[in-house]
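So you can see what is in the structure, the chains are spelled out below.
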Amino acid sequence: MENIEVEVKAKIGTTTYEGFLSLKVTTSDPSGIMPPVVSSAPPVVSSAPPMSGMASPLGTNLAGVTYYATQIPFLDIFKTSMPWISGDNSTWDNKQPLDLDSNSNVRSLLPGQIARTLMFRGGDRVFPTGRYIIRYEGIGTMTITGGATRVNELSQPGRDVIDVESSISLYITQTNPSNYLRNIKIVREEYEDLLIDGSTYWDPLFLASLDTVSTLRFMDWGRTNNSLASQWQDRTKVSDSRWSMDKGVPYEVMIDLANTLHLDPWICVPHLATNDFVLSLAELTRDLLSPSLNLYVEYSNEVWNSMFQQSRDCQAQGLALGLGTSPFQARLNYQSRRSVEIFELFEAAYGSNHRLIRVISSQSANPWVSEQLLSFEDTSLVCDALAIAPYFGPLVTGANSQDILDMDFDELIEHVKLVELPKAAVSMKESFGVAEGHGVDLIAYEGGQHLVGVGIHVNNDVLTSSLIAVNKDSSMEGIYSEYLDLWRENGGKLFVHFLDCESYSRWGSWGAREYQGQSNAPKANALEDFALANPKWW
């Protein structure tokens, strides 16, 4: 284990925080049924000149808030914890119900019942280690295990001190129903005063990592894909003990991040949301969002994509309303109609569309989809942008798998440069033609590399290792630079990368960085350089 001290400087609102952060770097122990994580490397200290975020032509999607995510947005780590699991001394998950209050605090336990939650879990993922403080109210017994230990001589009722070398496992084994354990918060020791002050939700290193974007897309923070959200009163509340549940992060918290960094937020409205939900969301953003910021409004996410439940639900609605001659056309036409209804509700709340950027999202590889969406019932007249996801591959499927598997590392790099980038450029150009023909901007709701195996190839370890190696290689920086230049050359405006920070796995290598604070990450370097060299050209 090695101690590392690094200088950190971050701005929260109008206040700049400076100081030194002590980190321990360890290696993971692969033993156990749920392997511990690797501790954090030093945070990024960029030598690039600062830029105004709003001048950047780039945005980013934020990784979903989970107990295994390597993006650490909140001062309170407990907000990212796994939902409570009921177990006992012999069973990890006994499937018994837990008695929870309205904020998901454990109110009481059955005889022998244990309530468990986890944080910082996930194989070889990288998380910040060191000393943390657990603050709580109520009377009961909490056990700290995994890669964390309680420092008994420094702990006292309501405030436990723990040392974290890898993961955090928190078990409630006893709680007083009349004064149950609640309002549990876990914070790095050096940020405890910030947490107590209550003026910010945000980890300073997280804020610093977003200094070269102008827009934040909250699709994953809102758990948009396959969402069951329909009623406004059932949404996640700021007072909820954790924000990692199926309903996502509170909208109030999303808007606070946009205001704190002075960046435009991009909200994806759940596909089952009622008109009351939509109008309430519109009124909330109107009241909370800084008046100098714009709001991107999109109906759901990738309705064209049959892998998501929203595509099937919208198709059923479209067919029921007789909106098309085929199921797919009915789906797209319903997306257009419902999008316009949502735009109108937001305009009613705001009093105009002056601060709204009304987005119709489409399939990059199929310009017919874009044409259909914008043409149906003159949707293009009441929207501002056509959004696509102009990824470059290879996406490894049954059709091309052997060709890709037969390539060595250098051949795969050349294939990306000579075949995949030109393919992406064609999609960009064709989509721009559709957008231009309808008088709307072309923007990207997602984009970047899409080197991943699908179907049976998800479990091909040799393929996964090869694709991850390409993502980590320094040549990816040049590939990204060329790719971003192609986006500008082919008519694109705002480009929202997918995504800011996530570890690489068989499911994809989506993060510009693998973990918060990673230095010299090729994709992140290219994105930053492009933003600095290409302030908004529109």
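Below you will find a few notes about this structure.

Cut-offs and rules
- The numbers attached to residues start from 1 for each chain and follow its sequence in the written order.
- Note on the predicted model: pLDDT of at least 70 is required for a residue's local features to be given, and 80 or more for side-chain atom pairs to be given and counted; whole-chain, interface and lining totals, by contrast, use all residues.
- Side-chain figures throughout are based on the complete set of non-hydrogen atoms in the structure, without hydrogens or water.
- Helix numbers and strand numbers start at the N terminus; a helix is a DSSP run of H or I with at least 4 residues, a strand a run of E with at least 2.
- To sort residues, take the accessible area from a 1.4 Å probe on protein chains only and compare it with the maximum for the residue type: under 20% means buried, over 50% means exposed, and anything in between is partly exposed.
- Note on definitions: a residue-residue contact is assigned when non-hydrogen atoms from the two residues lie within 4.5 Å.
- Accessible surface is estimated by sampling points in the Shrake-Rupley manner with a 1.4 Å probe; for residues, cover comes only from the protein chains shown.
- Polar contact criterion, stated in full: a pair of N or O atoms within 3.5 Å, where within protein one must be able to donate a hydrogen and the other to accept it, and residues adjacent in sequence count only if both atoms are side-chain atoms.
- Multiplying 1.5 Å by the helix residue count minus one yields the expected span of that helix.
- Of all possible arcs, the one meant is that of the directions from the helix axis to the C-beta atoms.
- Every axis in this analysis is a line fitted to C-alpha atoms, fitted for helices over the stretch in contact. Angles between the N-to-C directions lie between 0 and 180 degrees.
- In what follows, roughly perpendicular refers to angles from 65 to 115 degrees, roughly parallel to angles under 35, roughly antiparallel to angles over 145, and oblique to any angle outside these ranges.
- Basically, the charged four are Asp, Glu, Lys and Arg, the nonpolar ten are Ala, Val, Leu, Ile, Met, Phe, Trp, Tyr, Cys and Pro, and anything else, Gly included, counts as polar.
- Side-chain rings of Phe, Tyr and Trp, where Trp is taken by its six-membered ring, are said to pair if the distance between their centres is within 6.5 Å; with planes under 30 degrees apart they count as stacked, over 60 as edge-to-face, and otherwise as tilted.

**What about the overall build of the protein chain?**
Scanning the protein chain from terminus to terminus reveals twelve helices and 22 strands. In the protein chain, buried positions account for 56% of the 538 residues. Sequence separation of 24 or more characterises 74% of the internal contacts of the protein chain that already satisfy a separation of 6 or more. By element, 50% of the accessible surface of the protein chain is carried by carbon and sulfur atoms, the whole surface being about 22,100 Å².

**Let's talk about the side chain of T200**
With respect to the secondary-structure elements, T200 resides in the loop between helix 1 (192-197) and helix 2 (204-208). Here T200 falls in the buried class, since its relative accessible area comes to 8%. Of note is the side chain of T200, whose polar atom sits 3.1 Å from the backbone nitrogen of W202.

**Some remarks on helix 10 (residues 461-472)**
For helix 10, with twelve residues, the first-to-last C-alpha span of 16 Å sits near the 16 Å given by 1.5 Å per residue. Within the sequence span of helix 10, burial applies to L463, T464, L467, I468, V470 and N471. Each buried residue of helix 10 sits inside an arc of 155° when the element is viewed along its axis, so together they form one side. In helix 10, the exposed residues that point more than 90 degrees away from the buried face are D461 and V462. Looking at the buried residues of helix 10, the elements they touch are strand 19 (395-396), helix 8 (401-405), helix 9 (409-438), strand 21 (452-453), helix 11 (475-489) and helix 12 (522-533). Taking the backbone nitrogen of V462 as reference, a side-chain oxygen 3.1 Å away marks N460 as the first, capping residue of helix 10.

**Quick look at helix 11**
Relative to the 21 Å expected for 15 residues at 1.5 Å per residue, helix 11 spans 21 Å between its end C-alpha atoms, a close match to the ideal helical length. Turning to helix 11, its buried residues number three or more, namely M476, I479, Y480, Y483, L484, L486 and W487. Projected down its long axis, helix 11 carries its buried residues within an arc of 155°, all on one side. Positive phi appears at G491, one or two residues downstream of helix 11, with a value of about 95°.

**Side note on the environment of P128**
With respect to the helices and strands, P128 occurs in the loop between strand 9 (126-127) and strand 10 (130-137). Each C-alpha atom, one on P128 and one on Y515, is 9.5 Å from the other, the two residues being 387 residues apart in sequence.

**Some thoughts on the packing of helix 5 (residues 309-320) against helix 6 (residues 327-350)**
Orientation of helix 5 relative to helix 6, taken along the N-to-C sense of each, is 95°, at an axis distance of 7 Å. As summarised for this structure, helix 5 and helix 6 are arranged roughly perpendicular, according to the angle between their axes. Where helix 5 abuts helix 6, its residues S311, C314, Q315, Q317, G318 and L319 lie against P327, F328, A330, R331 and Y334. Its residues placed into classes, the contact of helix 5 with helix 6 shows six nonpolar, four polar and one charged.

**Quick word on the packing of aromatic side chains**
All told, the structure shown has 28 aromatic pairs when counted by the stated rule. Residues Y480 and Y483 carry aromatic rings whose centres are separated by 6.1 Å and whose planes lie at 55° to one another, so their mutual orientation is tilted. With Y480 and Y483 both in helix 11 and three residues apart, the pair spans about one turn of that helix. A relative accessible area of 0% means that Y480 is categorised as buried.

That is the geometry; function is a separate question.
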